[in-house]
Amino acid sequence: GIQVEQSPPDLILQEGANSTLRCNFSDSVNNLQWFHQNPWGQLINLFYIPSGTKQNGRLSATTVATERYSLLYISSSQTTDSGVYFCAVAANSGYSTLTFGKGTMLLVSP
Amino acid sequence: EAGVTQFPSHSVIEKGQTVTLRCDPISGHDNLYWYRRVMGKEIKFLLHFVKESKQDESGMPNNRFLAERTGGTYSTLKVQPAELEDSGVYFCASSQGLARQYFGPGTRLTVT
C-alpha cells in the first residue's frame, strides 16, 4: 500500500515562530488532507489539498502532486497550535480510504 | 449543515464487556469510514461502507469487532468482548464520492 512519511516527528517552537511540516507519499493520490489533533483527541480538518496551494489565516499548505509531497506552513505560532499534525492520503490506485502518517508532535511554548 | 456526530464521546468499560459506538454521517453522504488511533500510534483505517454495504473491511483487527450500517444511514461499531489493547480514539468519517472526508469528534474508549 501507499507509504506516508511525515517530518519532523517532533518540533518545539517559541511562540511567534514560523514552521514548516512536510509529508512525503509514495504513490499518486486523489485525496490529501491535513489534520490537527487537539489535546482532547479531536481531529480538526485543516486542509483538503490533493494539489495546489491554500491558505487559511496563519496556516497555509502546498501539495506538489507530481513530486509526491505536501507542506504545511504555520506562521506566528501560538500555544494553541500545540498538538499532533497528521497528513493523510488516498491513493489513486486503491480505494478511497485514507492512510495516515505518524504525525508531527508540535509544542509551542510561551 | 450538521457535521459528523459520534456517540458516546467517552466510554470507560472493563475488560470483557461490550461497547457499541455510534456514528451519524453528514446527510446524503454515501461513504462512511471508521478509523482508530490506539496507544499513541498512527491513525489506522478499520472499514468503509458505501451506503449499507461493506466496501472494504480489511482494517478490522479481529472478529471481536462488528460494524453495521442500518439502511445506509447511521453506523455502529461493536466491540465484544473488549480487550485492553482496544483502548484508543475511534473516529468516524463520511464523504460524498471520492472527495474530502469529514471527521467526527471521535469516541475515546478506555478499557480497564
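Check the entry above for the structure.
Okay, so let's go over this structure.

The rules behind the values
Residues numbered from 1 in each chain as written. Chains lettered and ligands numbered in written order. Predicted model: local features only at pLDDT ≥ 70, side-chain atom pairs only at ≥ 80, totals over all residues. Heavy atoms only, no water. Phe/Tyr/Trp six-rings, centres within 6.5 Å; stacked < 30°, edge-to-face > 60°. Helix = DSSP H or I, 4+ residues; strand = E, 2+ residues; numbered from the N terminus. Buried < 20%, exposed > 50% of the residue type's maximum accessible area, 1.4 Å probe, protein only. Lys NZ or Arg CZ within 6 Å of the ring centre and 35° of its normal. Contact = heavy atoms within 4.5 Å.

Focus on the packing of aromatic side chains
Taken as a whole, this structure holds nine aromatic pairs over all chains when the rule is applied. Where B:Tyr35 meets B:Phe103, the ring centres are 5.4 Å apart and the plane angle is 35°; that geometry is what we call tilted. In this pair, B:Tyr35 sits in strand β4 (residues 31-38) while B:Phe103 sits in strand β10 (residues 102-103), placing the two residues 68 residues apart along the sequence. Each of the two residues, B:Tyr35 as well as B:Phe103, counts as buried. Aromatic rings pair up to connect A:Phe35, A:Phe86, A:Phe100, B:Tyr33, B:Tyr35, B:Phe45, B:Phe91 and B:Phe103 into one cluster. Over the ring of A:Tyr69 we find A:Arg22, and its NZ or CZ is 4.2 Å from the ring centre. The ring of B:Tyr74 carries the charged tip of B:Arg22 above its face, separated from the ring centre by 3.8 Å.

Here we look at the environment of B:Pro8
Residues and elements named next belong to chain B. Residue placement: Pro-8 occurs in the loop between β1 (5-7) and β2 (10-13). The class for Pro-8 is buried, based on a relative accessible area of 16%. Distance in space between the C-alpha atoms of Pro-8 and Thr-20 is 8.8 Å, their sequence separation being 12 residues. With residues near it in sequence (within four places) discarded, Pro-8 still touches Thr-20, Leu-21, Gly-106 and Thr-107.

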